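# Working through the structure, step by step
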Amino acid sequence: MDGFVVKVPRRQAGGGGGQGRRPEEAGPGRPPPRQIRAEGLRCDYRILFPKAEADEIFQQLEEEVQYFEDDLTKLHIFGTWHNIPRKLVTYGDPELSYTYSGVTFHPKPWIPVLNRIRERITLATGHTFNFVLINRYKDGLDHIGEHRDDESELVPRSPIASVSFGACRDFIFRHRDCRRKGLKRGLERIKLELAHGSLLMMNHPTNVYWYHSLPPRRRVITPRVNLTFRKVMAGDRKRNIHPSGTSD
Ligand SMILES: O=C(O)CCC(=O)C(=O)O
Ligand SMILES: [Fe+2]
């Protein structure tokens, strides 16, 4: 883990999205989240599920989550169709939909294992969610390109809760100013290792200033499932959930 700032833990504020419920207190066996801070970056990382429980949930996810068929998840980039280098699916409240690279998807209805995870996040953080995007990386060759999660489809200032099961993978943040040629501004990339059973809260304004990616890692030979819980706006106030159509 290189180059990130860790601040003295404090009780996590509910702010963002305006739907805060009182978060769980830290206590014995429940250490406070690690705060990851940089200019415009506000993330909190913790192990949410102990190993035995994470193992059980991972197995249930593997058995019960039904991913979109391959032909639904091709991306059309500069006139050519590309397979996304992972499997994905969305679950959520019935009235919601989202548009991904020009294709509108409707989420599948919630299933118990997803509600179990969702309720645990709400208990721990005080935030509620109505939608989840699930990515399955079969091994270290599956990956996700650098992108930000589009604020315009999400409730303004709402956090994104990213829960991971299975193989531990590197997750990289890069400031938007570092992507432009010649502009460095001394902002380091920030590398996290997202462990089995972990929760990474990406709080506002992280997704305004920082791109993130899950790069390929040849040495990883086992699968990983990541769930990003979001609060999506219903109706025609929203546009795309995911801007990564040109970077996957
Ligand atoms: O797999 C991950 O950790 C990241 C997934 C992600 O960035 C996304 O679904 O938008
Ligand atoms: Fe993302």
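Residues numbered from 1 in each chain as written. Chains lettered and ligands numbered in written order. Predicted model: local features only at pLDDT ≥ 70, side-chain atom pairs only at ≥ 80, totals over all residues. Heavy atoms only, no water.

## Things to note about the confidence of the model for the protein
- Looking at the protein, pLDDT values average 85 and 80% of them are 70 or higher.
- In the predicted structure, residues 1–18 sits below a pLDDT of 50 and forms 48 contacts with residues beyond four places in sequence or in another chain.
- The low-confidence segment residues 239–248, where pLDDT is below 50, has 39 contacts with residues more than four positions distant or belonging to other chains. (pLDDT = per-residue confidence, 0-100. Contact = heavy atoms within 4.5 Å.)

## Observations regarding the site of ligand 1
- What surrounds ligand 1 is a group of 15 residues, the closest being Asn135, Tyr137, His147, His212 and Arg224.
- Side-chain polar atom of Asp149 to an oxygen atom of ligand 1: 3.1 Å apart, as the coordinates give it.
- Contacts to ligand 1 include Arg224, whose side-chain N or O atom sits 2.8 Å from an oxygen atom.
- Within the complex, the protein chains bury 100% of what would otherwise be the 290 Å² of accessible surface of ligand 1.
- Mapped by element, the contributors of at least two residues to the shell around ligand 1 are β9 (131–137), β10 (144–147), β15 (210–214) and β16 (224–230).
- The greatest single-element share of the shell around ligand 1, amounting to four residues, is contributed by β16. (Near = heavy atom within 4 Å. Polar contact = N/O pair within 3.5 Å; in protein donor to acceptor, adjacent residues only side chain to side chain. Areas by Shrake-Rupley, 256 points an atom, 1.4 Å probe, with all protein chains shown as cover. Helix = DSSP H or I, 4+ residues; strand = E, 2+ residues; numbered from the N terminus.)

## A closer look at the coordination of the iron ion (ligand 2)
- Around the iron ion (ligand 2), the donor atoms from the protein are His147 (NE2), Asp149 (OD), Asp149 (OD) and His212 (NE2), and they sit 2.1 to 2.8 Å away.
- Here the iron ion (ligand 2) is ringed by six donor atoms whose angles at the metal span 48 to 167°, and the overall shape comes out irregular.
- When the donor residues of the iron ion (ligand 2) are listed from N- to C-terminus, their spacing reads H-x1-D-x62-H. Per residue, the accessibility class of His147 equals that of Asp149, and both read buried. (Donors = N, O, S within 2.8 Å, 3.2 Å for Na, K, Ca; no water. Tetrahedral: all angles 85-135°; square planar, octahedral: opposite > 155°, others 65-115°. Buried < 20%, exposed > 50% of the residue type's maximum accessible area, 1.4 Å probe, protein only.)

## As for the side chain of Arg224
- Within the secondary structure, Arg224 is located in strand β16.
- Comment: no salt bridge for buried Arg224; closest opposite-charge side chain is Asp170, at 9.5 Å.
- Polar contacts involving the side chain of Arg224 include one to the side chain of Ser164, which spans 2.8 Å.
- In this structure Arg224 touches Asn135, Arg136, Tyr137, Ser164, Phe165, Gly166, Ala167, Arg169, Leu194 and Leu214, once residues within four positions along its chain are discounted. (Lys, Arg positive; Asp, Glu negative; His and termini not counted. Salt bridge = Lys/Arg side-chain N within 4 Å of Asp/Glu carboxyl O.)

## A word on the packing of aromatic side chains
- Considering all chains together, one arrives at four aromatic pairs under this definition.
- The interplanar angle of 40° and the centroid separation of 5.7 Å between the aromatic rings of Phe49 and Phe165 together place this pair among those described as tilted. With Phe49 in the loop between β3 (41–47) and α1 (51–64) and Phe165 in strand β11 (residues 160–166), the pair connects residues that are 116 residues apart, well separated along the chain. Residues Phe49 and Phe165 agree in their burial class; the two are buried. (Phe/Tyr/Trp six-rings, centres within 6.5 Å; stacked < 30°, edge-to-face > 60°.)

## Overview of the UniProt feature "binding site: substrate" (unreviewed entry) in the protein
- What UniProt calls "binding site: substrate" (unreviewed entry) maps, in this numbering, to Tyr98, Thr99, Tyr100 and Asp150.
- Position of Tyr98 among the secondary structure elements: in strand β7 (residues 98–100). (UniProt positions renumbered as here; feature names shortened; annotations may be inferred.)

## A few points about the packing of α1 against helix α2 (residues 112–125)
- Two numbers describe how α1 lies on α2: the axes approach to 10 Å, and their chain directions differ by 140°. Regarding the angle of α1 to α2, the classification is oblique. In contact with Glu53, Glu56, Ile57, Gln60, Leu61 and Glu64 of α1, α2 contributes Val113, Leu114, Arg116, Ile117 and Arg120.
- Residue classes in the contact of α1 with α2 are distributed as five nonpolar, one polar and five charged. (Axes fitted to C-alpha atoms, helices over the stretch in contact; angles between N-to-C directions. Parallel < 35°, antiparallel > 145°, perpendicular 65-115°, else oblique. Nonpolar A, V, L, I, M, F, W, Y, C, P; charged D, E, K, R; others polar.)

## What about the sheet that holds β15?
- Across the sheet, four strands lie side by side as β10-β15-β12-β13; this open sheet has antiparallel pairing. In this open sheet, the two edge strands, each paired with only one partner strand, are β10 and β13 (190–194). Sheet twist, expressed as the mean angle between neighbouring strand axes with direction ignored, is 20°.
- One ladder, built from four bridges, connects strand β12 (residues 169–175) with β15; its direction is antiparallel. Along β15, the bridge assignment pairs Ile172 with Ser213. (Pairing = 2+ DSSP bridges.)

## So, the pattern of salt bridges
- In total, this model carries 13 salt bridges according to the counting rule given.
- Linking Lys138 and Asp139 is a salt bridge whose minimum nitrogen-to-oxygen distance equals 3.7 Å.
- A single network of salt bridges, built from pairs that share partners, joins Glu53, Glu56, Arg116 and Arg120.

## Re the side chain of Asp149
- By the secondary structure assignment, Asp149 is in the loop between β10 and β11.
- There is a polar contact of 3.2 Å between the side chain of Asp149 and the side chain of His212.

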